[in-house]
Amino acid sequence: MRKYSGIEIELINIQIGCLIRLARLKKGLSQLDLGHQIDSNSTLVGRIERAEGKTSWEKIFMLSKQLDVNFYNLFELKKKDVLLSVVDEALQYENKLTQEKREFYESLKIKIEETYSTFFMEQKSN
């Protein structure tokens, strides 16, 4: 079985957060609404969307079912450009785009760029 690096796991966590956020926004749900639908809270949803900490696969599974997102697709690492386009699309669905949210999206794009760069450097050295 192939061993996954910490950087690769970090990218997958970022990707899961981006894809869950986009699906939630497309459905017009708040983090609070979605949290209630899976018998949880907005804090959990926000942490997943921001890729903060570790989340059980059960919660991610419940979110994917509630949002009609293919669970397995969440864990298949996408190319950098695809993930950046998911972030751009999510930005378009934001109803109340505050300066704080705008800065979040910009910092998320930078984080994706930097993490992919680190990942590819790691791949070259192996």
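Worth saying up front: this structure is predicted, and the values here are computed from it rather than measured.

S.K.: Please clarify how the layout of surface pockets should be interpreted in this entry.
M.R.: To find the voids left in a structure, one rolls a probe of water-molecule size over its atoms. Quantified by volume, the largest pocket comes out at close to 390 Å³. Lining the largest pocket are 15 residues, and of these Arg-21, Arg-24, Leu-25, Glu-94 and Lys-101 sit closest to its centre. Taken together, the residues of the lining of the largest pocket sort by class into 4 nonpolar, 4 polar and 7 charged. In this structure, the second largest pocket is lined by 14 residues; those nearest its centre are Asn-13, Ile-16, Lys-54, Thr-55 and Ile-60. Looking at which element gives the most residues to the lining of the second largest pocket, the answer is helix 1 (residues 6-26), with 4 residues. Broken down by class, the residue content of the lining of the second largest pocket amounts to 8 nonpolar, 3 polar and 3 charged.

S.K.: Please explain the side chain of Gln-15 as it appears in this structure.
M.R.: Assignment of secondary structure puts Gln-15 in helix 1. With near-sequence residues (within four places) excluded, Gln-15 lies in contact with Asn-73, Leu-74, Phe-75, Glu-76, Leu-77, Lys-78 and Leu-83.

S.K.: Looking at this structure, how should I read the pattern of salt bridges?
M.R.: Oppositely charged side chains may form a pair once their charged atoms are brought near each other. Enumeration over the complete set of coordinates arrives at 9 salt bridges. Salt-bridge contacts for Lys-101 lead to Glu-94; the nearest nitrogen and oxygen are separated by 3.1 Å. What makes Glu-94 buried here is its relative accessible area of 10%. A single network of salt bridges, built from pairs that share partners, joins Arg-21, Arg-24, Glu-49, Glu-94 and Lys-101.

S.K.: Can you help me understand the packing of helix 6 (residues 80-93) against helix 7 (residues 99-125) in this one?
M.R.: Contact pair helix 6 / helix 7: the axes reach a minimum separation of 10 Å and the direction vectors enclose 175 degrees. Between helix 6 and helix 7, the interaxial angle falls into the category roughly antiparallel. Between helix 6 and helix 7, the contacting residues are Lys-80, Leu-83, Leu-84, Val-87, Asp-88, Ala-90 and Leu-91 on the first element and Tyr-105, Leu-108, Lys-109, Ile-112, Glu-113 and Tyr-116 on the second.

S.K.: Before we go on, may I ask you to explain the environment of Leu-84 in this structure?
M.R.: With respect to the secondary-structure elements, Leu-84 resides in helix 6. Given the relative accessible area of 11%, Leu-84 is considered buried. On a C-alpha basis, the gap between Leu-84 and Lys-109 in space is 6.4 Å, while along the polypeptide they are 25 residues apart. Contacts of Leu-84, omitting those with residues within four sequence positions, involve Lys-109, Ile-112 and Glu-113.

Conventions used here
Residues numbered from 1 in each chain as written. Predicted model: local features only at pLDDT ≥ 70, side-chain atom pairs only at ≥ 80, totals over all residues. Heavy atoms only, no water. 1 Å grid on protein atoms, 1.4 Å probe; cavity = no way out; pocket = protein on both sides within 12 Å on 5 of 7 lines; lining within 4 Å. Points joined across faces, edges and corners; volume = space filled by probe spheres on them. Nonpolar A, V, L, I, M, F, W, Y, C, P; charged D, E, K, R; others polar. Helix = DSSP H or I, 4+ residues; strand = E, 2+ residues; numbered from the N terminus. Contact = heavy atoms within 4.5 Å. Salt bridge = Lys/Arg side-chain N within 4 Å of Asp/Glu carboxyl O. Buried < 20%, exposed > 50% of the residue type's maximum accessible area, 1.4 Å probe, protein only. Axes fitted to C-alpha atoms, helices over the stretch in contact; angles between N-to-C directions. Parallel < 35°, antiparallel > 145°, perpendicular 65-115°, else oblique.

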